[in-house]
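Reading the structure
Each chain is listed here by its residues.
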Protein chains: 2
Amino acid sequence: MQIKKAGVALLGLGVVGGGTYQILRDKREMIMRNDGVDIQVVSVLERNADRVRELGIDGALVAGGIDEIINNPKVDIVAEFFGGVEPAKTFLIKALLAGKSIVTANKEMFSKCWSELEQAAKQGGGGLYFEASCVGGVPVIRAITDSMQANRVLSLKGIVNGTTNYILTKMSDEGADYATCLKEAQKLGYAEADPTADVEGYDATYKNSILSSLAYRRRVPVDRIYREGIKDVDVKDIAYGKELGYTLKLLAVSKLRDGKIEARVHPAFLPDSHPLSFVKGSFNALFLQGDSVDDVMFYGRGAGALPTGSAIVSDIVFAARQCEHRRFDFETDGEPAEFTEDFSSEYYLRFDVKSDCGTLEKVAGAMRKNNVSLKSVLQKSEDTLVFVTHEVKESVVRKAIGEAEQLSGVDRVAAIIRIEE
Amino acid sequence: MQIKKAGVALLGLGVVGGGTYQILRDKREMIMRNDGVDIQVVSVLERNADRVRELGIDGALVAGGIDEIINNPKVDIVAEFFGGVEPAKTFLIKALLAGKSIVTANKEMFSKCWSELEQAAKQGGGGLYFEASCVGGVPVIRAITDSMQANRVLSLKGIVNGTTNYILTKMSDEGADYATCLKEAQKLGYAEADPTADVEGYDATYKNSILSSLAYRRRVPVDRIYREGIKDVDVKDIAYGKELGYTLKLLAVSKLRDGKIEARVHPAFLPDSHPLSFVKGSFNALFLQGDSVDDVMFYGRGAGALPTGSAIVSDIVFAARQCEHRRFDFETDGEPAEFTEDFSSEYYLRFDVKSDCGTLEKVAGAMRKNNVSLKSVLQKSEDTLVFVTHEVKESVVRKAIGEAEQLSGVDRVAAIIRIEE
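The following paragraphs examine the structure supplied in this document. Position numbers for residues count from 1 along each chain, tracking the sequence in the order it is written. Going through the entries in the order they are written, you letter the chains from A and number the ligands from 1. Local features in this predicted model are restricted to residues of pLDDT 70 or higher, and side-chain atom pairs are both shown and tallied only at a pLDDT of 80 or more, whereas totals for entire chains, interfaces and linings draw on every residue. Each side-chain value is worked out from all heavy atoms of the structure, with water and hydrogens disregarded.

**Focus on the state of the cysteines**
Think of a disulfide as a covalent bridge from one cysteine sulfur atom to another cysteine sulfur atom. The definition used for a disulfide is geometric: two cysteine sulfur atoms within 2.5 Å. If you walk through the whole model with that rule in mind, you get 1 disulfide over all chains. Covalent S-S linkage joins C323(A) and C323(B), the inter-sulfur distance amounting to 2.1 Å. In this structure the cystine formed by C323(A) and C323(B) twists about its S-S bond by roughly -125°; its chirality is therefore left-handed. In this pair, C323(A) is assigned in the loop between α13 (305-321) and α14 (330-333) and C323(B) in the loop between α13 (305-321) and α14 (330-333), connecting two distinct chains. Under the DSSP-based scheme used, a helix requires at least four consecutive residues in state H or I and a strand at least two consecutive residues in state E, with every element numbered from the N terminus.

Below, the structure written as structure tokens:
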């Protein structure tokens, strides 16, 4: 078997960069044998000399700056581990214009800059590889790109953020409140000191943008995705949901219906019988519906040095084997995306009410008057009403809620949670 | 974008062949746009003229015999839907020697003849594609081949047969016996009139052979795989298992430990919390452990015209895009496989006993004497004892069971079911 050689530059040697280096070092022979490519790390960009030493990397490999890497003919593939938009974007565009392929785990940068990277890749001839940007080591990008060719993808539903899934699982299992579970998550390293990107749903939104654009072959920009995090989740609703047969998850959802895309990230109830309900702790999963394959689900670890490194190395090896890299030129090749923000869903609604008699009927009446059909109504306590609606448009249910809140017996709507079947 | 052209011949137009034809016809433009390949069905081998007409296929495409297809320069890829070893094997070897690539769903043929097909492919230059042979439309073959490059695969666990999973799910949900559930499965089309291949575990064994050979890069022949079907499953054990927190599945398992492979297909208990426990009805799933990626699971429909057609078309498009097809020459490139038949497992044992006092202690004593450590012991009724052992070798537990059966108070061992954690 002819062995192809490929030189790799690693930008950043943090958790994932270091894990990637170790895999490439330890598995170099195996990859040569299995895949016919000899992957060699020829350059690293890392300012922390201790880190370089700690990983046992020869100091001679350390580049003075990005230009040294761009101009190094031995570098075929640039793998980036910085995170954040800059300098990652600038460095990777330079690399692409110089004809190199890029491999990234950087969901924020990739979701925001994909189109520009695509143009640079077209010019330079290299490829864009981003498996590690979504669902860790679980090969969802490769699956959508190279296994779903017979499908129009109809919808995606994902638990794509380990921090929030860990917190929600803990709230559910232990009946503990959000603040307590967040603290515990931070202690164990499942949440950052500043957890905003995760708990406010930004991370999940970046991933939704990437996965949905790929799945529907239309650009689904970050700013067209409705985003709601988990900071206001009340453990009371998790408990009531359980009684109703639901599990609460932070879901990244997108659907293509009648030529329109809806894309959103928000806490959502799933029926206990839904495969996604079983995804616990820091595990992730993506549930895809295609018009040929029907339901498929991919499950595994969404983060971590080795799982993410597994995805990065997979892309490096795959890129090294390609004679022609894929183009994802949604602006030119695809149809322009039309979006709908008026989602349809079933809703769980919790109202704080005065313990007047008749409030239940009055609220139910307000729902009905506004064409919101009710599935169940529960008086959870003297001052708590829970409604589960049938499928209804967001605009319609918001109007009905608005009217209900005007009723004298109603204090306020305390929770509005979408239900995904 | 340069459009590649590829001509496809379909051997057989049954359920999956017909589904494949329909996908290729309906999605031809979409595939051209998304993947840059124009896939055209240029020849079909099907004796049933009504079927050809029913699918709306131009009679001019019908080949007189396999040689017409082999000699047709317009045919680049041959997709086979016959099932069974012959004539599929002979036809596909001819196609490969003529330089064509092959795409198959035929698990029996592929598991038994892979090595010979490989030699023919090497000679002719074409590729072997077999995604549809395992887990229907769920892209497990592509995942193991093109996404696990950073991994030594440590183990596989799969629910890979829809018929048996449908039956076991029904037995569990309804408390009905095997014969009743088999009949129902046949009525609904989940089981064949002659269900042997499915219920005796042959189908799962073929798939285990293919997946394990690919995963460990060592030939795992069908005849080195321990096989036990579901015909003797007693609904009583499903119920006792439930009480103990277990779900019963027909599992295809393989592990690579200390350089030795164990591979087996048999009914097995899984803890209720294991992701595979949630795979119900005719759904399938493959659970893989890799030394970088850790746990990943792939889930979806294991059979059906469109799901399987989705896998076939995916392979056709993928094959058409490759400049160099993968070789799977385990005999030459890999290490020779060493097998172990002395599996290690936890065991569930049910004994029919006489209602003598002291039998429980005597049987427990026989276990202990033979180095079988017990996890739980339950007197389910006057004449039924259930034991759950800690992990122990097959040979050791068989010896202990043999001794226990000699005890005066013991009638016989009624069930021996392995437990997979």
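**Topic: the relation of the copies chain B and chain A**
Here the copies are superposed with least squares, the fitted atoms being C-alpha atoms of residues at a pLDDT of at least 70 in both. Note on the identical chains: chain B maps onto chain A by a rotation of 180° and an axial translation of 0.0 Å, with an RMSD of 0.0 Å. Taken together, these values place the two copies in the relation of a two-fold axis. Among all C-alpha atoms of chain B, that of F298(B) lies closest to the rotation axis, at 2.4 Å. Here 98% of the contact residues of chain B are again contact residues in chain A; the copies associate through an equivalent surface. By the convention used here, residues are in contact when the closest approach between their heavy atoms is within 4.5 Å.

**Some points on the pairing of strand β13 (residues 344-353) of chain A**
All names here are of chain A. Relative accessibility under 20% of the residue-type maximum defines a buried residue, over 50% an exposed one, and the middle range a partly exposed one, all with a 1.4 Å probe and only protein chains included. The buried count for β13 comes to 10 of 10 residues, which makes it a mostly enclosed element. The alternating pattern of β13 places S344, E346, Y348, R350 and D352 on one face and S345, Y347, L349, F351 and V353 on the opposite face, and all of these are buried. DSSP calls a pair of strands paired once it identifies at least 2 bridges connecting them. As judged from the 2 bridges shared by β13 and strand β16 (residues 392-393), these two strands associate in the antiparallel manner. Paired with S345 across the two strands is V392, which belongs to β16. Of the strand pairs in this sheet, β13 and strand β17 (residues 410-419) are connected by 8 bridges, and their pairing is antiparallel. Bridging across to β17, D352 finds its partner in R412. Bridging between β13 and strand β15 (residues 384-389) involves 5 bridges; their strand directions are antiparallel.

**Considerations on the pattern of salt bridges**
Every case where a carboxyl oxygen of Asp or Glu lies within 4 Å of a side-chain nitrogen of Lys or Arg is listed as a salt bridge. Tallied over the entire structure, the rule returns 78 salt bridges over all chains. Across the pair K354(A) and D411(A) runs a salt bridge, and its minimum N-O distance is 2.6 Å. Of the two residues, K354(A) sits in the loop between β13 and α15 (359-369) while D411(A) sits in strand β17, which places them 57 residues apart along the sequence. A salt bridge links E108(B) to K112(B); the nearest nitrogen and oxygen atoms lie 2.9 Å apart. Linking E108(B) with K112(B), this pair stays in helix α6 (residues 107-124), spanning 4 residues, or about one helical turn. Residues joined by salt bridges that share partners form a network here, namely K157(A), K255(A), E262(A), R264(A) and E420(A).

**Notes on the packing of helix α5 (residues 88-97) of chain B against α6(B)**
All names here are of chain B. Each axis is a line fitted through C-alpha atoms, and for a helix only the stretch in contact is used; angles between axes span 0 to 180 degrees, taken between their N-to-C directions. Interaxial distance between α5 and α6 falls to 8 Å at its minimum, and their mutual angle equals 20°. One way to sum up the angle between α5 and α6 is to call them roughly parallel. The chirality of how α5 crosses α6 is right-handed. Contact residues: α5 offers A88, K89, L92, I93, L96 and L97, while α6 offers M109, C113, E116, L117, A120, A121, Q123 and G124. The class makeup of the residues in the contact of α5 with α6 is 10 nonpolar, 2 polar and 2 charged. By the definition adopted for this analysis, an angle is roughly parallel if under 35 degrees, roughly antiparallel if over 145, roughly perpendicular if from 65 to 115, and oblique otherwise. By convention the crossing between two helices is left-handed if the near helix lies anticlockwise of the far one by an angle smaller than a right angle, and right-handed if it lies clockwise. When residue character is reported, Ala, Val, Leu, Ile, Met, Phe, Trp, Tyr, Cys and Pro are called nonpolar, Asp, Glu, Lys and Arg charged, and the others, Gly included, polar.

**Overview of the interface of chain B and chain A**
Many descriptions give the size of an interface as the accessible area lost when the pieces come together. Counting from both sides, the interface comprises 51 residues of chain B and, opposite them, 50 residues of chain A. At the boundary of chain B with chain A, total buried surface from both sides reaches about 4500 Å², with 53% on carbon and sulfur atoms. Linking chain B with chain A are 6 salt bridges, by the criterion used here. We note a salt bridge from R301(A) to D294(B), for which the minimum N-O separation is 2.4 Å. Residues adjacent in sequence count toward polar contacts only when both atoms are side-chain atoms; beyond that, a polar contact is any pair of N or O atoms within 3.5 Å, and within protein one must be able to donate a hydrogen and the other to accept it. Connecting chain B to chain A are 23 residue pairs in polar contact (both at pLDDT 80 or more). Elements supplying a minimum of two residues to the side of chain B that touches chain A: α1 (15-26), α2 (28-35), α7 (140-146), β10 (283-290), β11 (294-301) and α13 of chain B. Residue composition of the side of chain B that touches chain A, grouped by class: 23 nonpolar, 10 polar and 18 charged. Alignment of strand β11 (residues 294-301) of chain A against β11(B), held across 5 bridges, turns out to be antiparallel. Of the residues in β11(B), the one forming a bridge with G300(A) is V296(B). In this description, buried area is defined as the sum, over both parts, of the accessible area (probe of 1.4 Å) that is lost when the two are combined.

**Examining unusual backbone geometry**
Residue P87(A) is bonded to the preceding E86(A) through a cis peptide linkage, with omega at 5°. By the element assignment, P87(A) lies in the loop between β3 (77-80) and α5 (88-97). Positive phi, close to 70°, is recorded for D294(B), a residue that is not glycine. As for its position among the elements, D294(B) is in strand β11.

**Quick notes on the pairing of strand β8 (residues 246-257) of chain A**
Residues and elements named next belong to chain A. With 10 of 12 residues buried, β8 lies mostly within the body of the structure. Strand direction decides the pairing type here: strand β6 (residues 153-159) and β8, joined by 4 bridges, are antiparallel. Directly across from K157, in β8, lies its bridge partner V253. Sheet analysis places β8 next to strand β9 (residues 260-271), joined by 12 bridges and oriented antiparallel. Within β9, the residue paired with A252 across the bridge is V265. The antiparallel hairpin formed by β8 and β9 contains 2 residues in its connecting segment, where D258 sits at a positive phi of about 50°.

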